[in-house]
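Okay, here's what each chain looks like letter by letter:
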Amino acid sequence: MAKVLVVTSGKGGVGKTTSTAALGAALATAGKNVVLVDFDVGLRNLDLVMGAERRVVYDLINVVQGDAKLAQALIRDKRVPTLSLLPASQTRDKDALTDEGVARVIAELKEKFDWVICDSPAGIERGATLAMRHADVAIVVTNPEVSSVRDSDRIIGLLDSKTEKAEKGERVEKHLLITRFDAARAGRGEMLNVEDVLEILSIPLLGIIPESFEVLRASNLGSPITLNNPVSAPARAYFDAAKRLNGEALDMTIPSDRKGLFGKLFGRRAA
Amino acid sequence: MKLIDFFKRPRTAPVARERLQILLAHERAVSGKSDLIAILQEEIMAVIAKHFPVDSEGIKVKMERGEVVSTLEVEVEIPTPMCPSFPLPAKPAPAEPCAVEAVEAEI
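Residues numbered from 1 in each chain as written. Chains lettered and ligands numbered in written order. Predicted model: local features only at pLDDT ≥ 70, side-chain atom pairs only at ≥ 80, totals over all residues. Heavy atoms only, no water.

Caption draft 1: Highlighting the interface of chain B and chain A. Taken together, the contacts link 14 residues of chain B with 15 residues of chain A. A buried area of about 1300 Å², summed over both sides, lies between chain B and chain A, and 51% of it is on carbon and sulfur atoms. The interface formed by chain B and chain A holds four salt bridges in total. Note that Arg28 of chain B and Asp153 of chain A form a salt bridge whose closest N and O atoms lie 2.5 Å from each other. Run the count over chain B and chain A and you get eight residue pairs in polar contact (both at pLDDT 80 or more). A breakdown of the residues in the side of chain B that touches chain A according to their chemical character gives six nonpolar, two polar and six charged. (Contact = heavy atoms within 4.5 Å. Buried area = accessible area lost by both parts, 1.4 Å probe. Salt bridge = Lys/Arg side-chain N within 4 Å of Asp/Glu carboxyl O. Polar contact = N/O pair within 3.5 Å; in protein donor to acceptor, adjacent residues only side chain to side chain. Nonpolar A, V, L, I, M, F, W, Y, C, P; charged D, E, K, R; others polar.)

Caption draft 2: Fine view of the pattern of salt bridges. Residue and element names in this part refer to chain A. What the rule picks out here adds up to 16 salt bridges over all chains. Salt-bridge contacts for Glu167 lead to Arg133; the nearest nitrogen and oxygen are separated by 2.9 Å. In this pair, Glu167 sits in helix α8 (residues 164-167) while Arg133 sits in helix α6 (residues 126-133), placing the two residues 34 residues apart along the sequence. Via salt bridges that share partners, Asp136, Lys165 and Glu170 belong to a single interconnected network. (Helix = DSSP H or I, 4+ residues; strand = E, 2+ residues; numbered from the N terminus.)

Caption draft 3: Inspection of the pairing of strand β7 (residues 173-181) of chain A at higher detail. Residues and elements named next belong to chain A. Counting buried residues in β7 gives seven out of nine residues, a clear majority hidden from the surface. Across four bridges, the pairing between β7 and strand β8 (residues 205-210) is parallel. Residue pairing across strands places Ile178 opposite Ile208, the latter belonging to β8. (Buried < 20%, exposed > 50% of the residue type's maximum accessible area, 1.4 Å probe, protein only. Pairing = 2+ DSSP bridges.)

Caption draft 4: Seen up close, unusual backbone geometry. Even without being glycine, Arg180 of chain A reaches a positive phi, approximately 55 degrees. Looking at the secondary structure, you find Arg180 of chain A in strand β7.

Caption draft 5: Region of the structure containing the side chain of Asp77 of chain A. Residues and elements named next belong to chain A. Note that Asp77 resides in the loop between β3 (75-76) and β4 (83-86). Looking at Asp77, its side chain comes within polar contact range of the main-chain nitrogen of Val80, at 3.0 Å. With residues up to four places along the chain from it excluded, the contact list for Asp77 reads Met50, Arg55 and Leu83.

In structure tokens:
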């Protein structure tokens with residue numbers, strides 16, 4: 001049975017697109033059929049993070065409006081054959097997305113894929129509510145920082161009220177993904193720790209992604225971190241999170257990059 | 001400033017945590033309340049719309065929270081031509097729009 005997953009956060013810049021790409025690639029390498037749907041109409045970036053920016057011909061709006069068939073708009077990943085991307089439009093605005101059109105496209109995607117992963121735009125406006133509308137599962141991406149936590153709280157409220165499931169009296173399964181976490185700073189009391197964020201938001205934890213220069217390196221190259229450097233700390237954290245999404249029970253750890261003497265001496269400056 | 005303070009950076013995370021807890025307790029209460037008002041407004045409109053045409057702007061629902069008693073105020077405005085023809089008081093009818101005056105309920 002296909003699952004629709006929304007990656008959302010409220011606040012911008014916390015790692016929704018990075019996480020969508022990384023988790024999608026992790027699930028796809030585990031053999032699942034995965035499609036990533038970019039809902040950030042007008043400010044699409046998932047294509048760029050996936051390295052598919054030059055392969056976009058048709059987009060979500062073309063499909064919603066019936067100007068293109070779904071198969072024409074889907075971009076198959078060149079590295080992982082079970083991974084596809086449905087890009088957002090860069091020129092149109094979000095009002096071109098209709099409720100019925102989105103519902104139809106999601107239903108069609110559910111027939112073809114095991115996971116339909118919707119990358120939500122920031123904010124709480126129409127684009128964000130449309131992205132979460134049909135979700136069975138939601139990942140709330142949060143940085144250990146006050147404004148991100150506050151916005152996540154707001155988004156959790158929307159997941160409980162504005163989704164199709166909520167309106168039917170059912171619940172969207174919600175998971176917290178803490179990104180850009182720095183265990184050393186949290187240990188020194190300079191950064192909210194995992195327990196603080198969990199206590200405030202009170203939804204189950206899916207994973208802790210450590211702050212790492214590897215994430216920028218991967219996006220520079222247009223490759224999800226889980227493909228670009230699968231043994232890096234953030235990639236291992238994403239692989240674990242993907243396994244938990246598939247129902248595996250794993251101990252929660254915060255992977256770290258092992259540093260050699262050179263890294264220990266100079267690593268801090270590089271990061 | 002003592003030398004030790006210079007090396008020991010202040011722990012700011014507990015402050016962040018406390019500020020968030022206070023703020024979110026407040027914001028959750030407010031958003032819960034406004035949701036209830038919106039639901040009430042929608043349901044009241046559905047009931048009234050069964051009997052005569054009324055648009056969503058014509059219904060105001062307000063809740064005031066007092067220490068002992070809170071009040072729920074509902075005000076419905078209907079354009080006079082749409083008004084049902086029930087006997088009007090002897091006095092000249094109010095200049096439009098006629099209002100089915102606020103029903104105040106104590107909660």
